[in-house]
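Examining the three-dimensional arrangement
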4 protein chains.
Amino acid sequence: MLTVSRKVRIEWGDCDPAGIVYFPRYFEYFDQCTVGMFEAIGFVKPALLKAYDFAGFSVVGVSSSFRIPSKFGDDVIILTTIPEWGRTSFKVQHRLMKGDELAVEGFETRVWVGHDPARPGAIKARPLPQELFERFRNA
Amino acid sequence: MLTVSRKVRIEWGDCDPAGIVYFPRYFEYFDQCTVGMFEAIGFVKPALLKAYDFAGFSVVGVSSSFRIPSKFGDDVIILTTIPEWGRTSFKVQHRLMKGDELAVEGFETRVWVGHDPARPGAIKARPLPQELFERFRNA
Amino acid sequence: MLTVSRKVRIEWGDCDPAGIVYFPRYFEYFDQCTVGMFEAIGFVKPALLKAYDFAGFSVVGVSSSFRIPSKFGDDVIILTTIPEWGRTSFKVQHRLMKGDELAVEGFETRVWVGHDPARPGAIKARPLPQELFERFRNA
Amino acid sequence: MLTVSRKVRIEWGDCDPAGIVYFPRYFEYFDQCTVGMFEAIGFVKPALLKAYDFAGFSVVGVSSSFRIPSKFGDDVIILTTIPEWGRTSFKVQHRLMKGDELAVEGFETRVWVGHDPARPGAIKARPLPQELFERFRNA
């Protein structure tokens, strides 16, 4: 199972008057990590958007638990992996670590979507490309 | 059960290159709705932070499902209610409606926290104040 | 000279660890006010984007001075007006008022842009539509 | 003159429905660059906030011109320098480069502020510490 690691610096503007990360910002970090994980196997999202009949990997659901707060200036590590693959969707797990401790855990359910040939301007779920699995397997 | 309704205009800066709300922004809307619900029963958060030995109602977990996207210029309604009360925590439900349709549903688990007398600078969960229930009951 | 007024509630997530508005957020407020001003004269941006050969009123420059900070829970008023019109551009002034005091002043220089017929996918500055002036004059 | 360079990846969530960076996000990038420049000379802001009678380097004014847009997935370089020093304030210049081209230029005027001994809870401008100049000179 490929796990990608990213160092994140907690920035001033990501923190709230309590001095800790304003929780919606974690989902921005996680979204960036998902993009980064695909990039790590050679799927650069801007290129994908052009090359494939691909409209993105839309987020249809998330959940997250916030265990230990982080504050301005902290350097944390986010570990990202894909614990579940479906036919058109997949689940992404993000673990934000402060040293050895799990500070925040988050999950995204994402759907692979393309343009709907039957309805101009609309999108629909599409089967995950075989090439994707092969790249993850060989990573 | 008190339900508070808030109209939200989807702003340009809340939308992404796909032209729809960037999903972390929904949690900002929801956070504002929770603050607004407490304000509706006379608990203004900035005043609370001063008056009580209160440090906030920290979010310890969230989950959300995104069913129908919204785009720049849409006016949506968010219905906020508290379906569960614990001793020190409570759950908040937010339903973002586009007309009659449920577009996004989100839940926050929040803990009532105060300053920890044993550890300066630290916070700890505290029992929800009785006055809070009374105000919700009489709302 | 048309001046449009908007009430803005300072939200928790817009404030930083110093407890005051994180300054980039002011530009989000101002951007919303510019959209609101056009809407006030019947130019709804999402409709404009479709109806005209219009790609937006791009911001090419801003300046701002921050005189008095605002904090979570403050209600402020933003007064928006257009002090200067050019052929393809215009200047927008925003004054964020706390009571009678000018707390923040900001300026945006915006260009009216449309799609460039000579280069697919590209945009270019275009003359401001005559209808726009008429609506402002009659507002 | 010390110039600090930072690579910035343009993220999906920083872009708007026109597919380009939503302009208030540039000020977040610039703010992070200023923090990074001080860190480069050994002034780590969180440590400063504790060690000195220091409350921050408040932004009292900004200006920016947006020449070339950037889009999701672009890697840009931001060059940060301090072209002007005052007694209690300084000016920061940020140049966001796309290859050899200046895409965005921004200026911040910042004031060195400490706690006001005469008024608890209030802050006031303070002379820039001599150590600061020495570190910049020797960088």
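Above this note sits the structure.
My aim in this report is to walk through the structure given alongside it, one point at a time. None of the values given here were measured: they were computed from a predicted structure.

The next point concerns the relation of the copies chain B and chain A. Under the fitted operation, chain B is carried onto chain A by 0.0 Å of movement along the axis and a turn of 180°, and the coordinates agree to an RMSD of 0.0 Å. Put plainly, the chains are arranged around a two-fold axis. In terms of proximity to the rotation axis, the leading residue of chain B is Ser-63 of chain B, whose C-alpha is 2.0 Å off the axis. In this assembly, 100% of the residues forming the interface of chain B have copies in chain A that are likewise at the interface, indicating an isologous arrangement.

We now examine the interface of chain B and chain A. The partner chain A presents 17 residues to the 17 residues of chain B that form the contact. Looking at the side of chain B facing chain A, the largest losses of area belong to Phe-23, Val-62 and Phe-66 of chain B, adding up to 33% of the total buried there. At the junction of chain B with chain A, the criterion picks out 2 salt bridges. A salt bridge links Arg-25 of chain B to Glu-28 of chain A; its shortest N-O distance comes to 2.9 Å. Connecting chain B to chain A are 8 residue pairs in polar contact (both at pLDDT 80 or more). Counting only elements with at least two residues in the side of chain B that touches chain A, the list comes to helix H1 (24-40), strand S2 (56-66) and strand S5 (101-115) of chain B. Per-class residue counts for the side of chain B that touches chain A are 8 nonpolar, 4 polar and 5 charged. Bridging between strand S2 (residues 56-66) of chain A and S2 of chain B involves 5 bridges; their strand directions are antiparallel. From the neighbouring strand, Ser-64 of chain A faces S2 of chain B, where its bridge partner is Val-62 of chain B.

Attention now moves to the packing of aromatic side chains. The way to describe two aromatic rings as a pair is by their centre distance and the angle between their planes. Counted by the stated rule, this structure contains 70 aromatic pairs over all chains. Relative to Phe-90 of chain B, the ring of Trp-85 of chain B lies with its centre 5.4 Å away and its plane at 35°, an arrangement referred to as tilted. Residue Trp-85 of chain B is classed as partly exposed on the basis of its relative accessible area of 31%. Both rings, one in Trp-12 of chain D and one in Phe-72 of chain D, keep their centres 5.2 Å apart while their planes meet at 80°; by these two values the pair is edge-to-face. One end of the pair, Trp-12 of chain D, is in the loop between strand S1 (3-9) and helix H1 (24-40); the other, Phe-72 of chain D, is in the loop between strand S2 (56-66) and strand S3 (75-85), with 60 residues separating them in the sequence. Each member of the pair, Trp-12 of chain D as well as Phe-72 of chain D, carries the same accessibility label: buried. A cation over an aromatic ring shows up here: Lys-91 of chain C above the ring of Phe-107 of chain C, its NZ or CZ 5.4 Å from the ring centre.

We now examine the interface of chain A and chain D. Listed as interface residues are 13 residues of chain A and, on the opposing side, 13 residues of chain D. When chain A packs against chain D, the two sides together hide about 1,200 Å² of surface, and 54% of this comes from carbon and sulfur. It is Glu-11, Trp-12 and Phe-72 of chain A in chain A that bury the most area against chain D; as a group they hold 37% of the surface buried on that side. Taken together, the connections running from chain A to chain D amount to 4 salt bridges. Across the pair Glu-39 of chain D and Arg-9 of chain A runs a salt bridge, and its minimum N-O distance is 2.7 Å. Linking chain A to chain D there are 2 residue pairs in polar contact (both at pLDDT 80 or more). Among the elements of the structure, strand S1 (3-9), helix H1 (24-40) and helix H2 (45-51) of chain A are those that each provide at least two residues to the side of chain A that touches chain D. At 4 residues, H1 of chain A tops the list of elements feeding residues into the side of chain A that touches chain D. Classifying every residue of the side of chain A that touches chain D gives 5 nonpolar, 2 polar and 6 charged.

Taken as a whole and assessed by the stated rule, the structure comprises 1 cavity of 30 Å³ or more. Taken together, Gly-13, Asp-14, Cys-15, Asp-16, Tyr-22 and Arg-25 of chain A together with Gly-13, Asp-14, Cys-15, Tyr-22 and Arg-25 of chain C form the lining of the largest cavity. The residue inventory of the lining of the largest cavity, partitioned by class, reads 4 nonpolar, 2 polar and 5 charged.

With that out of the way, let us pick up the pairing of strand S4 (residues 89-98) of chain C. Residue and element names in this part refer to chain C. In the sheet, strand S3 (residues 75-85) pairs with S4 via 7 bridges, with the strands oriented antiparallel. Paired with Thr-80 across the two strands is His-94, which belongs to S4. Taking the residues that link successive antiparallel strands as the turn, the S3-S4 hairpin has 3 residues. Pairing analysis gives 10 bridges linking S4 to strand S5 (residues 101-115), with the strands arranged antiparallel. By the bridge assignment, Lys-91 is partnered in S5 with Thr-109. The hairpin turn running from S4 into S5, its antiparallel successor, is 2 residues long, and Gly-99 in that turn takes a positive phi close to 60°.

With that settled, the discussion passes to the pattern of salt bridges. Following the criterion strictly, the structure yields 48 salt bridges over all chains and no others. Each of Arg-25 and Glu-28 of chain A together with Arg-25 and Glu-28 of chain B takes part in a single network of salt bridges with overlapping partners.

Our next topic: the relation of the copies chain A and chain D. Overlaying chain A on chain D yields an RMSD of 0.0 Å, the required transformation being a rotation through 180° with an accompanying axial translation of 0.0 Å. Mapped onto chain D, 100% of the interface residues of chain A are again interface residues, and the two copies thus contact each other with one and the same surface.

Let us look at H1 of chain B. Given 3.6 residues per turn, any residue in an α-helix points the same way as the ones three and four places further on. All names here are of chain B. Between its first and last C-alpha atoms H1 spans 25 Å; for 17 residues at 1.5 Å apiece the expected length is 24 Å, and the two agree. Among the 17 residues of H1, 15 are classified as buried, and the element is accordingly described as predominantly covered. After H1 finishes, the residue Gly-42 shows a positive phi value of roughly 90°.

This paragraph deals with the environment of Phe-133 of chain D. Residues and elements named next belong to chain D. With respect to the secondary-structure elements, Phe-133 resides in helix H3 (residues 130-138). C-alpha separation for the pair Phe-133 and Trp-85, spaced 48 residues apart in sequence, amounts to 9.2 Å. When neighbours within four sequence positions are excluded, Phe-133 is seen to be in contact with Trp-85, Gly-86 and Leu-128.

Look at H1 of chain A against H1 of chain B: their axes get within 8 Å of each other, and the N-to-C directions meet at 175°. As far as their axial angle goes, H1 of chain B and H1 of chain A are roughly antiparallel. Note on element contacts: H1 of chain B touches H1 of chain A through Pro-24, Arg-25, Phe-27 and Glu-28 of chain B, opposite Pro-24, Arg-25, Phe-27 and Glu-28 of chain A. When grouped by side-chain class, the residues that make up the contact of H1 of chain A with H1 of chain B number 4 nonpolar, no polar and 4 charged.

Procedures and definitions
- Residues numbered from 1 in each chain as written.
- Chains lettered and ligands numbered in written order.
- Predicted model: local features only at pLDDT ≥ 70, side-chain atom pairs only at ≥ 80, totals over all residues.
- Heavy atoms only, no water.
- Least-squares fit on C-alpha atoms with pLDDT ≥ 70 in both.
- Contact = heavy atoms within 4.5 Å.
- Buried area = accessible area lost by both parts, 1.4 Å probe.
- Salt bridge = Lys/Arg side-chain N within 4 Å of Asp/Glu carboxyl O.
- Polar contact = N/O pair within 3.5 Å; in protein donor to acceptor, adjacent residues only side chain to side chain.
- Helix = DSSP H or I, 4+ residues; strand = E, 2+ residues; numbered from the N terminus.
- Nonpolar A, V, L, I, M, F, W, Y, C, P; charged D, E, K, R; others polar.
- Pairing = 2+ DSSP bridges.
- Phe/Tyr/Trp six-rings, centres within 6.5 Å; stacked < 30°, edge-to-face > 60°.
- Buried < 20%, exposed > 50% of the residue type's maximum accessible area, 1.4 Å probe, protein only.
- Lys NZ or Arg CZ within 6 Å of the ring centre and 35° of its normal.
- 1 Å grid on protein atoms, 1.4 Å probe; cavity = no way out; pocket = protein on both sides within 12 Å on 5 of 7 lines; lining within 4 Å.
- Points joined across faces, edges and corners; volume = space filled by probe spheres on them.
- Expected span 1.5 Å × (residues − 1).
- Axes fitted to C-alpha atoms, helices over the stretch in contact; angles between N-to-C directions.
- Parallel < 35°, antiparallel > 145°, perpendicular 65-115°, else oblique.

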